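Per-entry structural report
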There are 2 protein chains.
Amino acid sequence: MKVAVVGIGLIGGSFALALKRFGLADCVMGVESSEQHAKKALELGLVDEIISLDRAAAECDLIAVATPVNTIPAIVTKLLNRIGDNQVVIDMGSTKGELCELISQHRNRARFVATHPMWGTEHSGPEAAEKEAFTGRVVVFCERAQSAEDAVKVVENIYTTLGMKIIDMGAEEHDTHTAYVSHISHITSFALALTVLEKEREEEHIFDLAGGGFESTVRLAKSSADTWIPILLENKYNVLDVLREHIHQLQIMRRMIERDDSEGLREAMNKANSIKRILK
Amino acid sequence: MKVAVVGIGLIGGSFALALKRFGLADCVMGVESSEQHAKKALELGLVDEIISLDRAAAECDLIAVATPVNTIPAIVTKLLNRIGDNQVVIDMGSTKGELCELISQHRNRARFVATHPMWGTEHSGPEAAEKEAFTGRVVVFCERAQSAEDAVKVVENIYTTLGMKIIDMGAEEHDTHTAYVSHISHITSFALALTVLEKEREEEHIFDLAGGGFESTVRLAKSSADTWIPILLENKYNVLDVLREHIHQLQIMRRMIERDDSEGLREAMNKANSIKRILK
């Protein structure tokens, strides 16, 4: 199978590596608008050749779009305009509502499969690509019924071979759940980094004292603005909803600390502890 | 050297293991008010014997107090009441202001060294003790000038042998910085877990989708209420100060998302990214 990856960053680059590692593609082509990223992707051997979007649409069996989410609908539409009945297009983005609506009436809609592999790190660009990505994680398929059966089979085979567990969701449902479980974590982490940078003028102390769990809660604050601004704005209503709740929870904890309300804090922490049961 | 550890949980238990591993103590005794923890600590070989606080004061060269911070001042005072000029008491707690004030005029103040090794995990109890704890981390000594030189030397030798870097701070200064760098992370994590538990009624989805960084930001929400309520309340004014700033930062991000203010978000995220430079 000949595959093209559009956008060879953390996700696209890791996907290209995985396709090769598992023998899923004879050759992996890259489509990349940044010359610097294109050069780096070739250097690192993530892709065999850099080609245009038109060539990808003309030559490749599978085209995977892994660019920032605000650019995905236009790229997917252009690809669907050009491909034939034996080709498949997928996206790997973190939001799905807008995308699935915009392409819903496209003549070639059935050749598209909306996927979101639930893997990522705080790093970005082709250098961030990881060989062992995806394996053991969940991948969400959205609106599977809108895709042709043969197209779904091709994509299922790939993700299953990569060792991923496939789950199904509607596009809106997906965006709600990812706001809760992924997007809010990034906002929290950005805000926490800003808080500490604001309050802690002595950088040396941040460095010295960061053993106490700070590093893990603030890790995501290293994430790329290019990736995350489009995600937060595309998923604005869900993100604002969960952000409102999060600020509310912090205000409750603040009031309990102000009032030395040990019992209230104990109840809240015990409830928060139950996340243990869910995560492991 | 004969050492007693008072409170054989995550920190005390790990300290006991470290003392043995590095050959720093001929025998490590445990003082533990929970029968269950005492039994477990013996079973796990963390300590050689369980003894009373009085026996620890009578027999041990060094007594390390690693109980919840609200209980430390009374325990340290009782130990200082009983020990002689060749014995040393240390605490390993996360707050120092209240403790250092309460014991400041004790006749035996010089036999006490206030220390805070900057290591921990979200687990608690004797089962949480780790062999490789402390090494490579920072330990803060507070108000070193109030301790006798020979007492400081004993304690310095221990932490240095464990591979820790010692830094000095005043007690108030310590509490301010740890509020910024450690205590706020725990509040954020607890509040994030509560947010998601509140919004996400379908636990299965938390479990399935938690790949997106959620797990690392919410890890500290598994921490023990017994440990953290005393820390947050003892360090109340600093904690409230930084919590106020954190809520303010979240409100700013919320307004930027509401207004689709990409430029504002970019500026904020780029600033947050600079935490990279400080942490590594």
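Refer to the structure printed above.
Computed from a predicted model, the values in this text were never measured in an experiment.

**Regarding the relation of the copies chain A and chain B**
Its rotation angle being 180 degrees, the transformation that places chain A on chain B also includes 0.0 Å of axial translation and leaves an RMSD of 0.1 Å. One copy is carried onto the other by what is essentially a two-fold rotation axis. Across chain A, the smallest distance between a C-alpha and the rotation axis is recorded for A:Thr217, namely 2.1 Å.

**A few points about the packing of helix α7 (residues 171-199) of chain B against helix α11 (residues 236-258) of chain B**
Residue and element names in this part refer to chain B. Running from N to C, α7 and α11 point in directions that differ by 60 degrees, and their axes come no closer than 9 Å. Comparing the axis directions of α7 and α11 gives the class oblique. Here α7 runs over α11; the crossing is right-handed. Touching Asp175, Thr176, Ala179, Tyr180, His183, Ile184, Ile187 and Thr188 of α7 are Asn238, Val239, Asp241, Val242, Leu243 and His246, all from α11. Classifying every residue of the contact of α7 with α11 gives seven nonpolar, five polar and two charged.

**Side note on the sheet that holds strand β8 (residues 165-169) of chain B**
Hydrogen bonds between backbone groups are what pair the strands of a sheet, and the pairing can be parallel or antiparallel. Residues and elements named next belong to chain B. Reading across the sheet, the eight strands line up as β3-β2-β1-β4-β5-β6-β7-β8 and stay open at both edges, with mixed pairing between neighbours. Looking at the sheet topology across the chains shown, the edges are occupied by β3 (49-50) and β8. In the packing of α7 onto the sheet, the strands contacted are β6 (112-117), β7 (138-142) and β8, and the crossing angle to β8 comes to about 115 degrees.

**With respect to the interface of chain A and chain B**
Across the boundary between the two partners, chain A contributes 91 residues, which contact 91 residues of chain B. Of the roughly 9100 Å² buried between chain A and chain B on both sides combined, carbon and sulfur atoms contribute 69%. Where chain A packs against chain B, one counts eight salt bridges. Summed over the shared surface of chain A and chain B, the number is 23 residue pairs in polar contact (both at pLDDT 80 or more). If you tally residues by element for the side of chain A that touches chain B, the top one is helix α7 (residues 171-199) of chain A, at 22 residues.

**Considerations on the side chain of B:Arg109**
Residues and elements named next belong to chain B. Counting through the fold element by element, arginine 109 comes out in the loop between α5 (97-102) and β6. Residue class for arginine 109 comes out buried when judged on its relative accessible area of 4%. Beyond its immediate chain neighbours, meaning those up to four positions away, arginine 109 contacts Leu80, Ile103, Ser104, Glu143, Gln146 and Ser147.

**Some thoughts on the pairing of strand β8 (residues 165-169) of chain A**
All names here are of chain A. Bridge count between strand β7 (residues 138-142) and β8: five bridges; the pairing is parallel. Across the sheet, residue phenylalanine 141 finds its bridge partner in β8, namely aspartate 168. After leaving β7, the chain enters helix α6 (residues 149-161) and then returns to the sheet as β8, a path that is right-handed.

**Details of the pairing of strand β1 (residues 2-6) of chain B**
Residues and elements named next belong to chain B. Taken across its five residues, β1 has four buried, putting it largely inside the fold. One ladder, built from five bridges, connects β1 with strand β2 (residues 27-31); its direction is parallel. Looking across to β2, one finds that valine 5 is bridged to glycine 30. As paired elements, β1 and strand β4 (residues 62-65) share four bridges and run parallel to each other. Across the sheet, residue valine 3 finds its bridge partner in β4, namely leucine 62.

Scoring rules and cut-offs
Residues numbered from 1 in each chain as written. Chains lettered and ligands numbered in written order. Predicted model: local features only at pLDDT ≥ 70, side-chain atom pairs only at ≥ 80, totals over all residues. Heavy atoms only, no water. Least-squares fit on C-alpha atoms with pLDDT ≥ 70 in both. Axes fitted to C-alpha atoms, helices over the stretch in contact; angles between N-to-C directions. Helix = DSSP H or I, 4+ residues; strand = E, 2+ residues; numbered from the N terminus. Parallel < 35°, antiparallel > 145°, perpendicular 65-115°, else oblique. Left-handed = near helix turned anticlockwise from the far one by under 90°. Contact = heavy atoms within 4.5 Å. Nonpolar A, V, L, I, M, F, W, Y, C, P; charged D, E, K, R; others polar. Pairing = 2+ DSSP bridges. Buried area = accessible area lost by both parts, 1.4 Å probe. Salt bridge = Lys/Arg side-chain N within 4 Å of Asp/Glu carboxyl O. Polar contact = N/O pair within 3.5 Å; in protein donor to acceptor, adjacent residues only side chain to side chain. Buried < 20%, exposed > 50% of the residue type's maximum accessible area, 1.4 Å probe, protein only. Right-handed = clockwise from strand over helix to strand, strands pointing away.

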